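What follows is each chain in one-letter form.
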Amino acid sequence: KAGVTQTPRYLIKTRGQQVTLSCSPISGHRSVSWYQQTPGQGLQFLFEYFSETQRNKGNFPGRFSGRQFSNSRSEMNVSTLELGDSALYLCASSQSGGGEQFFGPGTRLTVL
Amino acid sequence: SQQGEEDPQALSIQEGENATMNCSYKTSINNLQWYRQNSGRGLVHLILIRSNEREKHSGRLRVTLDTSKKSSSLLITASRAADTASYFCATDEANSKLTFGKGITLSVRP
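Residues numbered from 1 in each chain as written. Chains lettered and ligands numbered in written order. Predicted model: local features only at pLDDT ≥ 70, side-chain atom pairs only at ≥ 80, totals over all residues. Heavy atoms only, no water.

The next thing to look at is the overall build of chain A. Of the regular secondary structure elements, chain A holds zero helices and 11 strands. Relative to the globule expectation of 13 Å for 112 residues, the C-alpha radius of gyration of chain A, 13 Å, shows essentially globular dimensions. Taking all 112 residues of chain A together, the buried fraction comes to 52%. Counting only contacts in chain A whose residues sit at least 6 apart along the sequence, the fraction spanning at least 24 positions is 54%. As displayed, chain A has an accessible area near 5100 Å², and 48% of this comes from carbon and sulfur atoms. (Helix = DSSP H or I, 4+ residues; strand = E, 2+ residues; numbered from the N terminus. Rg over C-alpha atoms; globule rule 2.2 N^0.38 Å. Buried < 20%, exposed > 50% of the residue type's maximum accessible area, 1.4 Å probe, protein only. Contact = heavy atoms within 4.5 Å. Areas by Shrake-Rupley, 256 points an atom, 1.4 Å probe, with all protein chains shown as cover.)

Structural data, given as structure tokens:
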């Protein structure tokens, strides 16, 4: 089976812009979670989608949003980018949400 | 917020030695997992131990869980240079999200 894929791998944006990141889970996996990783805050949970429904949400402002499509692919959107949004954004999939998570390679977002 | 806190923050050992990493957490968990990350890439799942298990083995990995002390340890035996990476413990509180610690940087010298 192909692993979790994330596009794009690298992204450079300027403050105030918005960005959309994409994640394709492993075939058959219905749960997709998103994490933000920064040197200062470490790995932080953003949200989790299961069968097109947001099932869990972390402590991030409303500028961070996501969605999941019927084929389980997921996108996350960050609006009005701030310098502090520079991070590695990781997507993970699993069959039902709990247990082992399979991570993608991440999208490295740099906000200038 | 961090749930898991790993200890030590950094570890440097010689190839062939064993590496022991510890993790403490705060709340009740469904399971605890260990992940490895190489150079800011994606995380790789290493091992999962459920709350009703005390010890688990996978190849050169041995993980223990003490729910009364809210702590876990990961032992990597006969370390190799390729084990050089960051290691994270993550707790699953049965609400479909993982809470990670800050990670341990392991350096294995050839």
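Now that the structure has been shown, we can carry on.
Quick look at the environment of G97(A) now. With respect to the helices, strands and loops of the structure, G97(A) is situated in the loop between β9 (87–94) and β10 (102–103). Sequence separation of G97(A) and S31(A) is 66 residues, and the distance between their C-alpha atoms is 5.2 Å.

Turning next to the state of the cysteines. What the rule picks out here adds up to two disulfides over all chains. Through a disulfide, C23(A) is tied to C91(A); the S-S separation comes to 1.7 Å. Residues C23(A) and C91(A) share a disulfide whose torsion about the S-S bond is about -45°; that sign makes it left-handed. In this pair, C23(A) sits in strand β3 (residues 19–24) while C91(A) sits in strand β9, placing the two residues 68 residues apart along the sequence. Of the two residues, C23(A) and C91(A), neither departs from the other in class, the shared state being buried. Bridging C23(B) to C89(B), the disulfide has an S-S length of 2.0 Å. For the disulfide bridge between C23(B) and C89(B), the dihedral angle about the S-S bond is near 65°, and by the sign convention the bridge is right-handed. With a gap of 66 residues between them, C23(B) in strand β3 (residues 19–24) and C89(B) in strand β9 (residues 85–92) connect regions that are remote in the sequence. Each member of the pair C23(B) and C89(B) is classed as buried. (Disulfide = S-S within 2.5 Å.)

Bringing the side chain of D92(B) into the picture now. Checked against the element boundaries, D92(B) lands in strand β9. The charged side chain of D92(B) is buried without a salt bridge, its nearest counter-charge being R50(B) at 7.1 Å. Only 3.2 Å separates the side chain of D92(B) from the backbone nitrogen of G99(A), close enough to count as a polar contact. The contact partners of D92(B), leaving out residues within four places of it in the chain, are G98(A), G99(A), I29(B), N30(B), N31(B), Q33(B), K97(B) and L98(B). (Lys, Arg positive; Asp, Glu negative; His and termini not counted. Salt bridge = Lys/Arg side-chain N within 4 Å of Asp/Glu carboxyl O. Polar contact = N/O pair within 3.5 Å; in protein donor to acceptor, adjacent residues only side chain to side chain.)

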